[in-house]
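Inside the fold
Below, each chain spelled out in residue letters.
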Amino acid sequence: MSAGTAGPAGADPPVPDPPAPPSVSALSWEVMDARTGDVLASKAPHRRLPPASTLKTLFALTVLPKLRQDEVHRATYRDLSDVSEGSSLVGVDEGNRYTVADLWRGVFLSSGNDAVHTLAHMNGGVSRTVAQMQATARRIGARDTQVRSPDGYDTHGQFSSAHDLALIAKEGLKNHDFRRYMATKSARFPAAGGPKAFGIENTNRLLVGSHGVEPYPGLIGVKNGYTTKAGCTLVTAATHQGRTVLVTVMNPQDGDFNAVYEESRALLDWGAEAAPLHARQAAATRRPSATQQLAVAAPAPAPATGAEQPDDTSGGLGRHLGAAAGLLVLACLPVLIGRRLRRRRHAAGGR
């Protein structure tokens with residue numbers, strides 16, 4: 001029966017199927033309902049690919065709860081010594097003081113690897129932080145993720161997947177600070193040499209609208225990334241009519257540098273339409289039909305008592321057979337008595 005065909009009387013109206021997802025060029029992508037974790041659509045969602053700076057979402061999920069946001073730290077040479085050449089930087093300077101909140105804004109807005117490494121050293125070092133990130137990935141079920149660096153920079157043996165990045169973002173949405181930083185469009189970052197500061201802007205073009213990309217209505221984050229090996233990667237979350245949809249896009253093959261944003265936009269649009277239909281279909285599957293509801297609601301017959309107690313199948317049949325046998329015996333008694341009397345008369349006459 002098609003979605004537009006009326007069902008039997010009393011049946012729930014059919015829920016239309018979601019439209020087909022748009023065709024995009026990304027090697028891997030996924031659309032997820034952020035509340036339920038249901039995957040609405042995907043392409044190669046477990047394909048292991050370099051994540052670039054989208055891996056910073058796992059770094060934040062792991063380290064954010066461990067450091068007070070108002071803690072002040074003076075950056076050291078050691079904090080910055082292991083930042084890879086060619087990394088994106090927010091401008092952390094040795095000897096300058098920063099609050100933890102300053103550094104997190106540097107991570108989320110400017111994708112600053114210098115801020116990541118400073119926070120990692122505050123957390124006990126890069127190696128310890130990497131191990132904690134790996135443990136976090138396993139805890140939330142992100143089985144496609146292998147962590148080698150805290151910032152997502154191209155490193156041999158480091159990879160993640162569209163599904164894992166969506167899972168990580170879903171967990172991150174539960175943390176107030178994570179939500180606050182990922183939604184911040186612009187901020188001031190402390191400058192070296194005193195209280196001066198300079199402006200920084202979020203590099204997620206769908207969030208702020210820049211470089212020819214229009215901002216997406218309802219977008220609340222999450223994180224973009226790019227390296228030569230990973231190509232463009234992007235995890236986004238948008239809320240529409242109270243429902244939040246997560247989209248991960250990894251390495252579009254379209255040559256346009258804004259392709260990752262426009263392909264994410266198309267998938268967000270599709271998810272906003274598909275998610276409510278998916279939820280209604282899931283609810284209809286769990287809900288009993290009208291016929292089943294009537295059957296459940298109908299009262300069961302009260303058990304009979306005393307002489308009205310119904311016989312069970314086997315016991316009742318036995319009692320009926322016993323009664324029939326008794327009647328047969330009674331019917332035969334006159335015949336038997338008559339025969340016995342005749343025998344006695346014959347015996348008396350013969351004596």
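Residues numbered from 1 in each chain as written. Predicted model: local features only at pLDDT ≥ 70, side-chain atom pairs only at ≥ 80, totals over all residues. Heavy atoms only, no water.

Points about empty space enclosed by the protein
- Counted according to the given criterion, the structure contains one cavity of 30 Å³ or more.
- Considering the residues around the largest cavity, the lining is formed by P50, P51, G152, D154, T155, Q158 and K229.
- A class-by-class count of the residues in the lining of the largest cavity yields two nonpolar, three polar and two charged. (1 Å grid on protein atoms, 1.4 Å probe; cavity = no way out; pocket = protein on both sides within 12 Å on 5 of 7 lines; lining within 4 Å. Points joined across faces, edges and corners; volume = space filled by probe spheres on them. Nonpolar A, V, L, I, M, F, W, Y, C, P; charged D, E, K, R; others polar.)

Here we look at the sheet that holds strand β9 (residues 243-252)
- Spatially, β2-β1-β9-β8-β7 is the arrangement adopted by the five strands of the open sheet, whose pairing is antiparallel. Across the chains shown, the open sheet's two edge strands, defined by having one partner strand only, are β2 (39-43) and β7 (219-227). Averaged over all pairs of adjacent strands, the angle between strand axes in this sheet comes to 5°, irrespective of strand direction.
- Here strand β1 (residues 26-33) pairs with β9 via seven bridges, running antiparallel. Pairing of A26 across the sheet is with P252, part of β9. (Pairing = 2+ DSSP bridges. Helix = DSSP H or I, 4+ residues; strand = E, 2+ residues; numbered from the N terminus. Axes fitted to C-alpha atoms, helices over the stretch in contact; angles between N-to-C directions.)

Quick notes on the layout of surface pockets
- Roughly 460 Å³ of internal volume is contained in the largest pocket.
- Taken together, 28 residues line the largest pocket, and the ones lying closest to its centre are S88, S111, N224, G225 and Y226.
- Sorting the residues of the lining of the largest pocket by element identifies β7, β8 (231-240) and α9 (259-286) as the ones contributing at least two each.
- Ranked by residue count, the leading element in the lining of the largest pocket is β7, at five residues.
- Of the residues contributing to the lining of the largest pocket, the split by class is six nonpolar, 17 polar and five charged.

Quick notes on unusual backbone geometry
- Positive phi values are uncommon outside glycine, yet A44 reaches one of about 45°.
- For A44, the location among the structural elements is in the loop between β2 and α1 (56-63).
- Positive phi outside glycine occurs at A52, with the angle close to 55°.
- Summarising the element assignment, A52 is placed in the loop between β2 and α1.
- Here A52 falls in the buried class, since its relative accessible area comes to 0%. (Buried < 20%, exposed > 50% of the residue type's maximum accessible area, 1.4 Å probe, protein only.)

A short note on the pairing of β9
- Here β9 lies mainly inside the structure; nine of its 10 residues are buried.
- As judged from the eight bridges shared by β8 and β9, these two strands associate in the antiparallel manner. The residue bridging V235 from the neighbouring strand is T248, located in β9.
- Linkage of β8 to β9, two consecutive antiparallel strands, is achieved through a turn of two residues, within which Q241 is found at a positive phi near 50°.

Considerations on α1
- Most of α1 is tucked away: eight of the eight residues are buried.
- What α1 keeps buried is the set K56, T57, L58, F59, A60, L61, T62 and V63.
- Summarising the contacts, the buried residues of α1 are in contact with α3 (100-108), α4 (113-122), α5 (126-139), α6 (162-172), α7 (176-182) and β7. (Contact = heavy atoms within 4.5 Å.)

Structural notes on the packing of α1 against α6
- One can describe the packing of α1 onto α6 by two numbers: an axis separation of 9 Å at closest approach and a directional angle of 35°. The handedness of the crossing between α1 and α6 is left-handed. Note on element contacts: α6 touches α1 through L165, I168, E171 and G172, opposite T57, L58 and L61. (Left-handed = near helix turned anticlockwise from the far one by under 90°.)

Let's talk about the pattern of salt bridges
- Scanning the model with the defined rule gives seven salt bridges in all.
- Residue R48 pairs with D144 through a salt bridge whose shortest N-O separation is 4.0 Å. Pair noted here: R48 is in the loop between β2 and α1 and D144 is in the loop between α5 and α6, with a separation of 96 residues, a long-range link.
- Across the pair R68 and D70 runs a salt bridge, and its minimum N-O distance is 3.0 Å. (Salt bridge = Lys/Arg side-chain N within 4 Å of Asp/Glu carboxyl O.)

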